[in-house]
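As a plain string of letters, each chain reads:
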Amino acid sequence: MNERQLAVDAVLKACRLCNAVHRGLISAGTLDKKDRSPVTVADFGVQAVVTAELRRRLGDMPIVGEEEAGALRKEENAGVRDLVIGHVRAILPDLDDDTILAQIDYGRYAGGPTGRHWALDPIDGTKGFLRGDQYAIALGLIDNGQVVLGVLGCPNLPLRLGQPDSPRGCLFVGEKDRPAVMRAIDGDSETPIHVSNIDDPSRASFCESVEKEHTKQSDSARVAAILGVTAEPVRIDSQCKYGVTARGESSIYLRMPTRADYEERIWDHAAGWAVIKSAGGEVTDIHGKPLDFSLGTTLRSNKGVVATNGCLHQRVIDAIDKAISL
């Protein structure tokens, strides 16, 4: 099995786990109490499933993951640990308890400029997950500092925005030198996708984070005003924004820095970067500098992120330069 198919299969299994966690653990009471245990179970469970599937077929290729199992081994967290193990074993019944925890711990690679490694964000968009809105399982493959494959599983994302009857659950794949595709997570037919062809900024739409701590929305509003954008921004949690932009439902995705010292994590952007690029779009930081995935676990040489349909990119960068100097 090739790396692409393996990554797709692993993310599809992770989507199944997330749906099961959501059905079994989310309730109005959970949300009222601001209980984060369901997303904790899903985070750990996804990392275990994806890591186990990758290692089963590829051996010990390094993985940069967001989680580690130390907290689960503490007796006071036995309840959460049992839930994680139960949900993972429902997907991969041959794994014993110790193996499941070991899979979670495996994702400690530090990244870097040489060799091949995976970057995994098991649940990107934790608040979206808890609200029953958008979140993503994001898996990227990095080869000598370059992202060569990205798979985004978006269990709640409609196949088409704005269509109430549209089925939910999308998976996006972006691969170097191949066109981006989308499929339903409960189907097996892949459809090519492409960014929009809008070249007039006034007709473009913005996509940005729901949570204000993830992007400086006031800066985004100034950029929109400079460009003459009149449409209300499309606010979506997680790397689903990359998927929506890649299939042409948004032309611009902005992630404006909220503080000067913040460093974006590679797992928050590797998969989405691959999908946008394969769909014909462009991704840089807010200064137009390419994202550098070769420096470890963060994009420390970059500030913010801008993804567009390509033809609008330079105008957006110019508008950002004006907006942040105001």
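Refer to the structure printed above.
Just so you know, the residues in each chain are numbered from 1, in the order the chain's sequence is written. Local features in this predicted model are restricted to residues of pLDDT 70 or higher, and side-chain atom pairs are both shown and tallied only at a pLDDT of 80 or more, whereas totals for entire chains, interfaces and linings draw on every residue. In computing side-chain values, all of the structure's heavy atoms are included and hydrogens and water are not.

A. Structural view of the packing of aromatic side chains. The rule is short: rings of Phe, Tyr and Trp, with Trp giving its six-membered ring, pair when the centres are within 6.5 Å, and they are stacked under 30 degrees, edge-to-face over 60, tilted in between. All chains considered together, the criterion is met by three aromatic pairs. Note on Phe-129 and Tyr-135: the rings are 4.8 Å apart at their centroids and 80° apart in plane angle, and the pair reads as edge-to-face. Between Trp-273 and Phe-293, the aromatic rings sit 6.1 Å apart at their centres with planes inclined by 70°, giving edge-to-face as the arrangement. Of this pair, Trp-273 sits in helix α9 (residues 270-278) while Phe-293 sits in the loop between β11 (282-284) and β12 (305-308), and the two are 20 residues apart along the sequence. Take Trp-273 and Phe-293: they sit in the same class, and that class is buried. Charge-over-ring contacts are defined here by two conditions on Lys NZ or Arg CZ: a distance within 6 Å of the ring centre and an angle within 35 degrees of the ring normal. Positioned above the aromatic ring of Tyr-106, the side-chain terminus of Arg-55 is 3.8 Å from the ring centre. We count a stretch as a helix when DSSP gives it H or I for four or more residues in a row; a strand needs E for two or more, and each element gets its number in order from the N terminus. Throughout this description, buried means an accessible area under 20% of the type-specific maximum (1.4 Å probe, protein chains only), exposed means over 50%, and partly exposed covers the range between.

B. Up close: the pairing of strand β2 (residues 116-124). In terms of burial, β2 is a largely internal element, eight of the nine residues being buried. One ladder, built from three bridges, connects strand β1 (residues 63-65) with β2; its direction is parallel. Across the sheet, Gly-65 pairs through a bridge with Leu-120, a residue of β2. By the convention used here, strands pair only if DSSP detects at least 2 bridges between them. Two elements, β2 and strand β3 (residues 136-143), share seven bridges in a ladder whose sense is antiparallel. The partner of Asp-121 across the bridge, within β3, is Ala-138.

C. Seen up close, the side chain of Glu-264. Of note, Glu-264 is situated in the loop between β10 (252-255) and α9. The term polar contact refers here to a pair of N or O atoms within 3.5 Å; inside protein, the definition further demands a hydrogen-donor-capable atom paired with an acceptor-capable atom, and it admits residues adjacent in sequence only when both atoms are side-chain atoms. For Glu-264, the side chain forms a polar contact with the side chain of Arg-255, separated by 2.9 Å. One polar contact links Glu-264 to His-269, side chain to side chain, over a distance of 2.9 Å. By definition in these notes, contact holds between two residues if any of their heavy atoms fall within 4.5 Å. In this structure Glu-264 touches Arg-255, His-269, Thr-297, Thr-298, Leu-299, Gly-304 and Val-305, once residues within four positions along its chain are discounted.

D. Structural detail: the pattern of salt bridges. Salt bridge criterion: a side-chain nitrogen from Lys or Arg within 4 Å of a carboxyl oxygen from Asp or Glu. The final tally for this structure, using the stated rule, is 23 salt bridges. The salt bridge involving Glu-53 is made with Lys-13; its shortest N-O contact spans 3.4 Å. Of this pair, Glu-53 sits in helix α3 (residues 37-58) while Lys-13 sits in helix α1 (residues 3-25); the two residues are 40 residues apart in sequence, bridging distant segments of the chain. Classification of Lys-13 by relative accessible area gives partly exposed; the value is 22%. Across the salt bridge formed by Glu-264 and Arg-255, the nearest N and O atoms sit 2.9 Å from each other. For the pair formed by Glu-264 and Arg-255, the shared burial category is buried.

Keep in mind that these numbers describe shape and distance, not what the molecule does.
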